[in-house]
Amino acid sequence: MKRSEHLLVCLMEECAEVQQAVAKSLRFGLEDHHPERPDLTNEAEILTEFYQLVAVMDLLQEEEMISSLSEVEVERIKKRKLEKLGEYMDYSRNTCHLVED
Ligand SMILES: [Mg+2]
């Protein structure tokens with residue numbers, strides 16, 4: 001396996017670890033924790049895994065294996081995502097599948 005492939009697998013693993021931390025939070029709550037890690041809540045696990053993902057992405061971009069985007073482009077992508085989230089939340093609310101917290 002090439003180094004670039006190894007780093008892409010690391011990126012994939014971190015994505016999966018974020019997913020797992022979010023799933024645990026949904027199943028047991030943000031304030032709960034793994035029995036063997038009482039000092040790390042599920043919320044903290046989400047943050048830890050997210051920033052580990054960011055660290056791997058940063059490395060991939062620093063080494064130019066993945067393109068870097070301008071801050072303007074990043075903000076445009078984030079803004080568009082938030083707009084889509086709102087649209088689909090409205091759709092889900094209107095089809096009676098989304099209830100307010
Ligand atoms: Mg991790």
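Residues numbered from 1 in each chain as written. Predicted model: local features only at pLDDT ≥ 70, side-chain atom pairs only at ≥ 80, totals over all residues. Heavy atoms only, no water.

1. Looking at the packing of aromatic side chains
And then number 1: Using the criterion set out here, one finds one aromatic pair in the structure.
And then number 2: Both rings, one in Phe50 and one in Tyr51, keep their centres 4.8 Å apart while their planes meet at 80°; by these two values the pair is edge-to-face.
And then number 3: Accessibility expressed as a relative area gives 37% for Phe50, which makes it partly exposed. (Phe/Tyr/Trp six-rings, centres within 6.5 Å; stacked < 30°, edge-to-face > 60°. Buried < 20%, exposed > 50% of the residue type's maximum accessible area, 1.4 Å probe, protein only.)

2. Examining the coordination of the magnesium ion
And then number 1: For the magnesium ion, the protein coordination sphere consists of Glu14 (OE), Glu17 (OE), Glu49 (OE) and Gln52 (OE1), at 2.0 to 2.2 Å.
And then number 2: For Glu17, a relative accessible area of 27% translates into the label partly exposed. (Donors = N, O, S within 2.8 Å, 3.2 Å for Na, K, Ca; no water.)

3. Quick word on the domain arrangement of the protein
And then number 1: Domain boundaries in the protein define domain 1 (3-68) and domain 2 (69-101).
And then number 2: A straight line from the C-alpha centre of domain 1 to that of domain 2 covers 22 Å. (Domains from an automatic or database assignment.)

4. As for the side chain of Glu45
And then number 1: Structurally, Glu45 can be placed in helix H2 (residues 42-62).
And then number 2: Excluding its chain neighbours within four sequence positions, the residues that come into contact with Glu45 are Ala21, Arg37 and Leu40. (Helix = DSSP H or I, 4+ residues; strand = E, 2+ residues; numbered from the N terminus. Contact = heavy atoms within 4.5 Å.)

5. Overview of the side chain of Glu49
And then number 1: Its place among the elements puts Glu49 in helix H2.
And then number 2: Of the side chains with opposite charge, Arg37 comes closest to the buried, unpaired Glu49, at an N-O distance of 7.1 Å.
And then number 3: When sequence neighbours within four positions are dropped, the list of residues in contact with Glu49 reads Glu14, Glu17 and Val18. (Lys, Arg positive; Asp, Glu negative; His and termini not counted. Salt bridge = Lys/Arg side-chain N within 4 Å of Asp/Glu carboxyl O.)

6. A few points about the pattern of salt bridges
And then number 1: Inspection of the entire model under this criterion finds nine salt bridges.
And then number 2: The shortest N-O distance in the salt bridge between Glu75 and Lys78 comes to 3.6 Å. Taken together, the residues Glu75 and Lys78, both in helix H3 (residues 71-94) and three residues apart, mark about one turn of the helix.
And then number 3: By relative accessible area, Lys78 is classed as partly exposed at 46%.
And then number 4: Two residues, Asp90 and Arg93, come together in a salt bridge whose shortest N-O distance is 2.8 Å. Of the two residues, Asp90 and Arg93 are both situated in helix H3; the distance of three residues between them amounts to about one turn of the helix.
And then number 5: Residue Asp90 is classed as partly exposed on the basis of its relative accessible area of 39%.
And then number 6: A cluster of three or more residues bridged by salt bridges with shared partners is formed by Lys79, Arg80, Glu83 and Glu87.

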